[in-house]
Amino acid sequence: MYDSQETVVLCGANSYEQKYYFNQDFSGLPEQIRQELQIMCVLFTEDVGGILTLEFLEDGTLILNVDHEESDYLFDEIGSELKIREIQREKVELMTALERYFRIVFLGEDAKEVLAAEREEEE
């Protein structure tokens, strides 16, 4: 779905193996956030199938990446796209906070500068 730009996987769920993955590099996130991510990923794959991963691009942008096996004729591609849009709309605060966390903790950006840039974007 996305180009081969380097990414860092935050978490993901796989409907084929019925497994959830969480990158332990992010264990500093509050337990409530980790649980919300798990519920969101698992419900997504139970609803439409396939594999969902939440990944950070090199610039700190969080993407929701969906994949499925070619032989999976039950995968709901339209439902997948609709569900991604729904998550992006309903979880905008969570996604913004995760991007902020990644930029400050992993990319080493200054917290004040990150917050100032966000305020400028809102205006």
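One structure accompanies this document, and this report is about it. (Residues numbered from 1 in each chain as written. Predicted model: local features only at pLDDT ≥ 70, side-chain atom pairs only at ≥ 80, totals over all residues. Heavy atoms only, no water.)

1. Some details on helix α1 (residues 31–48)
Where we set the bar: Labels follow the DSSP assignment, with helices taken as runs of H or I lasting at least four residues and strands as runs of E lasting at least two, numbered in each case from the N terminus. Given a helix with a known number of residues, its expected span is that number minus one, times 1.5 Å. Here's how the labels work: a residue is buried when its accessible area is under 20% of the maximum for its type, exposed when over 50%, partly exposed in between, all with a 1.4 Å probe on protein chains only. Along the arc lie the directions from the helix axis toward the C-beta atoms.
Across its 18 residues, α1 extends 26 Å between first and last C-alpha, which sits within 8% of the 26 Å expected from 1.5 Å per residue. Taken together, the buried positions of α1 are L37, M40, C41, F44, T45 and V48. On an axial view of α1, the arc spanned by its buried residues comes to 120°, and they lie on one face. Exposed positions of α1 whose direction lies more than 90 degrees from the buried face are Q32, I39 and E46. At the exit of α1 stands G49, carrying a positive phi of roughly 85°.

2. Let's talk about the pairing of strand β1 (residues 7–14)
Short version of the rule: For two strands to count as paired, DSSP must find a minimum of two bridges between them.
Across seven bridges, the pairing between β1 and strand β3 (residues 51–57) is antiparallel. Bridging from a neighbouring strand, T7 pairs with L57 of β3. The sheet contact formed by β1 and strand β2 (residues 19–22) spans four bridges and is antiparallel. Counted as the bridge partner of G12 is Y21 from β2.

3. Some details on the pattern of salt bridges
Put simply, the test is: Salt bridge, as used here, is a side-chain nitrogen of Lys or Arg placed within 4 Å of a carboxyl oxygen of Asp or Glu.
All told, the structure shown has six salt bridges when counted by the stated rule. Here R34 makes a salt bridge to E31, at a shortest N to O gap of 2.8 Å. Here R34 pairs with E31, and both are found in helix α1, just three residues apart, close to one helical turn. A salt bridge links D47 to K83; its shortest N-O distance comes to 3.7 Å. Here the residue D47 occupies a position in helix α1, and K83 occupies one in helix α2 (residues 77–90), the gap between them amounting to 36 residues. Salt bridges linked by common partners bring D47, K83 and E86 together as one network.

4. So, the nonpolar core
Counted only if it meets this: The definition of a nonpolar core used throughout is a set of buried Ala, Val, Leu, Ile, Met, Phe, Trp, Tyr and Cys residues joined through side-chain atoms within 4.5 Å. Throughout, a residue-residue contact means that at least one pair of heavy atoms, one from each residue, lies within 4.5 Å.
By size, the foremost hydrophobic cluster in this structure holds 24 residues, and its most contacted members are L10, L37, L52, L54 and L98. Only β1, α1, β3, β4 (62–67), α2 and α3 (92–106) provide two or more residues apiece to this core. With five residues, α1 is the largest single contributor of residues to this core. If near-sequence neighbours (up to four positions away) are discounted, L37 is found in contact with L10, C11, Y20, F22, L29, L54, L94 and L98.

5. Some words on the packing of aromatic side chains
Note the threshold: Stacked, edge-to-face and tilted labels apply to pairs of Phe, Tyr and Trp rings (six-membered ring for Trp) whose centres lie within 6.5 Å, assigned for plane angles under 30 degrees, over 60, and everything in between, in that order.
Counted by the stated rule, this structure contains six aromatic pairs. Here the aromatic rings of F56 and F102 are separated by 4.2 Å at their centres, their planes lie at 5°, and the arrangement is stacked. You can see F56 sitting in strand β3 and its partner F102 sitting in helix α3, a full 46 residues away along the chain. Note on F102: relative accessible area 3%, which makes it buried. Among the aromatic residues, ring-to-ring pairing joins F26, F56, Y101, F102 and F106 into one connected group.

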